[in-house]
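Listed below are the residues making up each chain.
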Amino acid sequence: MEFFLDTASLEDIKLYKTLGLVDGVTTNPALLAKEGQDPLEQVRKIASMVSGPISVEVTYTESDKMVKHAIRISKLADNVVIKIPASTAGLAAACVLKEKGIKLNVTLIFHPSQAIPFIKLGADYVSLFVGRVEDFGLSNKDAIGQIRESIDMMQSPTKLLAASIRNPEYLLEAVNAGSDALTVPPSCWEKVYNNPIFQLGEKEFLESWNQLPAALRKNYETY
Ligand code: E4P
C-alpha cells in the first residue's frame, strides 16, 4: 500500500520522510497556493526530494486546455502524475492524455459512479475524497469498498487512492477497506499522535519511573 503525503510544504515532506510516510506526494492548487511560492519551482523541488509519484493538478476546466496544461506540467519531472478532475471534460482530457502515456490521478471523486469511466480507461489512480463530504453532513466511508469492488469487477489496473483523509477514523477505514494508496495530510497524522490518552499514559509511566531512586534508575538508563 502506498502512503502519500497530502501537502506542498517542503518542511513537511522533509519531516515525514524521516517517519517513512512519504512514498509519494499529492498536491492540489489550494495546497500549492498555501505555500506562497512559484508553483512550478515548488513542484520541481518536491520532485527532487521524493522519488515516488508527485501528483500535480491542472488548473483548467475545459478539456482542450486541460490537455495542453497537463502535457506541459508533466514535463516538470519524471515522477509527475497529472491530476485531472472527475468531470466530463476531465474524462475527455484523460482519454487523450492516456493515449500519450501521461500518468493520471483522477481527483474530486465524491460518488463511486464518477470513477467508473476512468477505471474503464485504466487511469493510474482514482482519488476518492472521503472527508470533504463531511462539510455537507454526509459520510463517504462506504464508497471506498464500492470502488474497490468496481475495480476488481472490471479487472482494471487502476489504483484506488483514498484522499481527503481528515481524521484517524478515516485513515483506518482507508487502510482496511481496500485502498491501494492513501494520501494523508500532516494535520491528520498530528491528530493520530496528539492523542490525550496516549500522552497521559506516557506521562504516568515516566512519573512512576521517577519514583525509583536515581541511583537505581541510572543503571537501567545508561545500560
Ligand atoms: C487529494 O489528492 C487532495 O489533495 C486532498 O486529499 C484533498 O483534501 P481535503 O478535501 O481535505 O482538502
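Computed from a predicted structure; not experimentally measured.

Novice: Explain the packing of aromatic side chains to me, and be specific about the residues and the numbers.
Specialist: Under the criterion given, the structure shown has four aromatic pairs. For the ring pair Phe 3 and Trp 189, a centre distance of 6.4 Å and an interplane angle of 25° mean the geometry is stacked. Placement of the pair is Phe 3 in strand E1 (residues 2–6) and Trp 189 in helix H9 (residues 186–193), with a sequence separation of 186 residues.

Novice: How would you explain the layout of surface pockets if you had to name every residue and give the values?
Specialist: When its volume is computed, the largest pocket comes out at roughly 540 Å³. Asp 6, Asn 28, Leu 31, Arg 132 and Pro 185 are, among the 29 residues lining the largest pocket, the residues nearest its centre. Among the secondary structure elements, those contributing two or more residues to the lining of the largest pocket are helix H2 (29–35), strand E5 (104–109), strand E6 (125–129) and H9. Per-element tally for the lining of the largest pocket: the top contributor is H2, with five residues. Along the lines of polarity and charge, the residues of the lining of the largest pocket split into ten nonpolar, ten polar and nine charged. Taken as a whole, the second largest pocket spans an internal volume of roughly 170 Å³.

Novice: Run through the sheet that holds E5, naming residues and quoting values.
Specialist: Strands belonging to one sheet form pairs held by backbone hydrogen bonds; the direction of such a pair is parallel or antiparallel. Read around the closed barrel, eight strands run E1-E2-E3-E4-E5-E6-E7-E8, paired in parallel fashion. Neighbour-to-neighbour, the strand axes of the sheet open up by a mean angle of 30°, direction not taken into account. Lying on the sheet, helix H8 (residues 168–176) is in contact with E1, strand E7 (159–163) and strand E8 (181–184); it crosses E8 at an angle near 165°.

Novice: Tell me what's going on with unusual backbone geometry, and back it up with residues and numbers.
Specialist: Its identity is not glycine, yet Leu 108 carries a phi of approximately 65°, on the positive side. Along the chain, Leu 108 falls in strand E5.

Parameters at a glance
- Residues numbered from 1 in each chain as written.
- Predicted model: local features only at pLDDT ≥ 70, side-chain atom pairs only at ≥ 80, totals over all residues.
- Heavy atoms only, no water.
- Phe/Tyr/Trp six-rings, centres within 6.5 Å; stacked < 30°, edge-to-face > 60°.
- Helix = DSSP H or I, 4+ residues; strand = E, 2+ residues; numbered from the N terminus.
- 1 Å grid on protein atoms, 1.4 Å probe; cavity = no way out; pocket = protein on both sides within 12 Å on 5 of 7 lines; lining within 4 Å.
- Points joined across faces, edges and corners; volume = space filled by probe spheres on them.
- Nonpolar A, V, L, I, M, F, W, Y, C, P; charged D, E, K, R; others polar.
- Pairing = 2+ DSSP bridges.
- Axes fitted to C-alpha atoms, helices over the stretch in contact; angles between N-to-C directions.
- Contact = heavy atoms within 4.5 Å.

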